[in-house]
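# Chains, contacts and geometry: an overview
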Amino acid sequence: MAKLWRLISEEPFQYLLFLSLSGIVLILTGIAYSASSTSFQKYFGRIYPLAVVFVVFILGLILFAFLLLDGQFAIYRGGNFKGIVVAVGLAVPLAAIIILVDRRSPFPVDMNVAYPASLFFYPAIGYVVELLFHILPFCLLYFILGFLTGESGNTRIIWASILTVALIEPIFQVVFTAGGNTNWVVAYVGLHLFLFNFIQLLLFRRYDFITMYSFRLSYYFLWHIIWGHLRLKLLF
């Protein structure tokens, strides 16, 4: 506990940034829920979305404390404009490819949250996904493997953790949301999502959490928000 408080005192900017981001996400969650009360049900069921996001925020504080203490990871590295540019640049071709797949073999009509609620929903759900599908499993696997092998911080452990965690979201999406698509689409979606998650974790390793989150936000903006609105007129 003493180490944690010392870390907070030594890295106030890291925590203030995460607190600010989380506060914005909580506001966006409330707006999205007010605009479309059913938008979060697919993910949270009947649980109140603000409660979920708040619990995830507390979890994030704890997880980042361990990662920052490790010294190899950061919420944000100062002056990291290059990382943000790289993240946006990588999101564009991935979004373009999945849009082409959607045009060739359309996904379900109700796949996306409708505009304008989508403007608030996707930044909020992206925050939750990053912490639950990336930071939580990565942190657990990274430190458990380090403890079992006695090689905490070893590059091989980092890569093993990245590759394993990159599989979680693709498996979840393919198993629970791929119904009704042709086999080639399901196979491609799995590959696409693995590449997407792998890139995100590489960005986290190379840069920081904000860069990783920026990559998902850029992809969501193109795929779920802009194309999500246009596809209703173009494909159906």
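The preceding data block contains the structure.
A brief structural summary. (Residues numbered from 1 in each chain as written. Predicted model: local features only at pLDDT ≥ 70, side-chain atom pairs only at ≥ 80, totals over all residues. Heavy atoms only, no water.)

### With respect to helix α2 (residues 12–35)
In plain terms, the rule: Strands are runs of DSSP state E lasting at least two residues, helices are runs of H or I lasting at least four, and both sets are numbered from the N terminus onward. Each residue after the first adds 1.5 Å to the expected span of a helix. With a 1.4 Å probe rolled over the protein chains alone, any residue whose accessible area is under 20% of its type maximum counts as buried; one over 50% counts as exposed, and the rest are partly exposed.
Helix length check: α2 (24 residues) gives 35 Å between terminal C-alpha atoms against 34 Å at 1.5 Å per residue, within 8%. Within α2, burial applies to Q14, Y15, F18, L21, S22, V25, L28, T29, G30 and A32.

### Some details on the packing of helix α6 (residues 118–149) against helix α9 (residues 183–206)
Filter applied, for reference: Comment: axis = line fitted to C-alpha atoms, over the contacting stretch for helices; angle = value between 0 and 180 degrees taken between N-to-C directions. Here the angle decides the label: under 35 degrees means roughly parallel, over 145 means roughly antiparallel, 65 to 115 means roughly perpendicular, and every other value means oblique. Crossings are classed by handedness, with left-handed meaning an anticlockwise turn of the near helix from the far one by less than a right angle and right-handed meaning a clockwise turn. We call two residues contacting when some pair of their heavy atoms lies within 4.5 Å.
In contact at an axis separation of 12 Å, α6 and α9 are set at 60° when each is read in the N-to-C sense. The orientation of α6 with respect to α9, classified from their angle, is oblique. As for how α6 packs across α9, the hand of that crossing is right-handed. Two secondary-structure elements touch here, α6 through E130, H134, I135 and F138 and α9 through N197, Q200, L201 and F204.

### Considering the pattern of salt bridges
Put simply, the rule is: Here, a salt bridge means any Lys or Arg side-chain nitrogen found within 4 Å of an Asp or Glu carboxyl oxygen.
With the rule as written, the count across this model stands at three salt bridges. Put simply, R231 and D102 hold a salt bridge, and the shortest N to O gap is 2.7 Å. In this pair, R231 is assigned in helix α10 (residues 209–234) and D102 in helix α5 (residues 81–104), connecting sequence segments 129 residues apart. On the basis of relative accessible area, D102 is assigned to the buried category, the value being 0%. A salt bridge links E169 to R216, with the nearest nitrogen and oxygen atoms 2.9 Å apart. Here R216 lies in helix α10 and E169 lies in helix α8 (residues 168–177), a separation of 47 residues in the sequence.

### So, α10
The following threshold applies: At every residue, the bend is computed as the angle between two fitted axes, covering the seven residues ending there and the seven beginning there respectively. A 3.5 Å cut-off defines polar contacts: any pair of N or O atoms within that distance qualifies, except that in protein one atom must be a possible hydrogen donor and the other a possible acceptor, and neighbouring residues in sequence count only when both atoms are side-chain atoms.
Between its first and last C-alpha atoms α10 spans 35 Å; for 26 residues at 1.5 Å apiece the expected length is 38 Å, and the two agree. The sharpest bend along α10 reaches about 45° and sits at W227. The backbone nitrogen of I210 has a side-chain oxygen 3.3 Å away, supplied by the residue at the start of α10, namely D208.

### Looking at the nonpolar core
The nonpolar side chains of soluble globular proteins are, as a tendency, buried together. Put simply, the rule is: Only buried residues count toward a nonpolar core, which is a set of Ala, Val, Leu, Ile, Met, Phe, Trp, Tyr and Cys residues joined through side-chain atoms within 4.5 Å.
Formed by 68 residues in total, the largest nonpolar core has its most connected members in F64, Y127, I135, F204, F209 and Y219. Elements that contribute at least two residues to this core include exactly α2, α4 (49–70), α5, α6, α7 (155–165), α9 and α10. With 13 residues, α6 is the single largest residue contributor to this core. The residues touching F204, leaving out its near neighbours within four places in the chain, are F64, L67, F73, A74, I135, F138, F209 and M212.

### Let's talk about the packing of aromatic side chains
The relative placement of two aromatic rings is captured by the distance of their centres and the angle of their planes. As a reminder, the rule being used: Between the rings of Phe, Tyr and Trp (Trp by its six-membered ring), a pair exists once the centres lie within 6.5 Å; its type follows the angle of the planes, with under 30 degrees stacked, over 60 edge-to-face, and the other angles tilted. Charge over a ring is defined by NZ of Lys or CZ of Arg lying within 6 Å of the ring centre and within 35 degrees of the ring normal.
With the rule as written, the count across this model stands at 27 aromatic pairs. Between F18 and Y127 the ring centres are 6.1 Å apart and the planes differ by 25°, which places this aromatic pair in the stacked class. Pair noted here: F18 is in helix α2 and Y127 is in helix α6, with a separation of 109 residues, a long-range link. You can call Y127 buried: its relative accessible area is 0%. Ring centres of Y142 and F143 lie 5.0 Å apart, and the angle between their planes is 65°; on these two criteria the pair is classed as edge-to-face. Accessibility expressed as a relative area gives 1% for Y142, which makes it buried. Judged by its relative accessible area of 26%, F143 is partly exposed. Chaining the aromatic ring pairs together yields one cluster made of F18, F54, F57, F64, Y127, F209 and Y213. Directly above the aromatic system of Y207 lies the positively charged group of R206, at a separation of 4.7 Å from the ring centroid.

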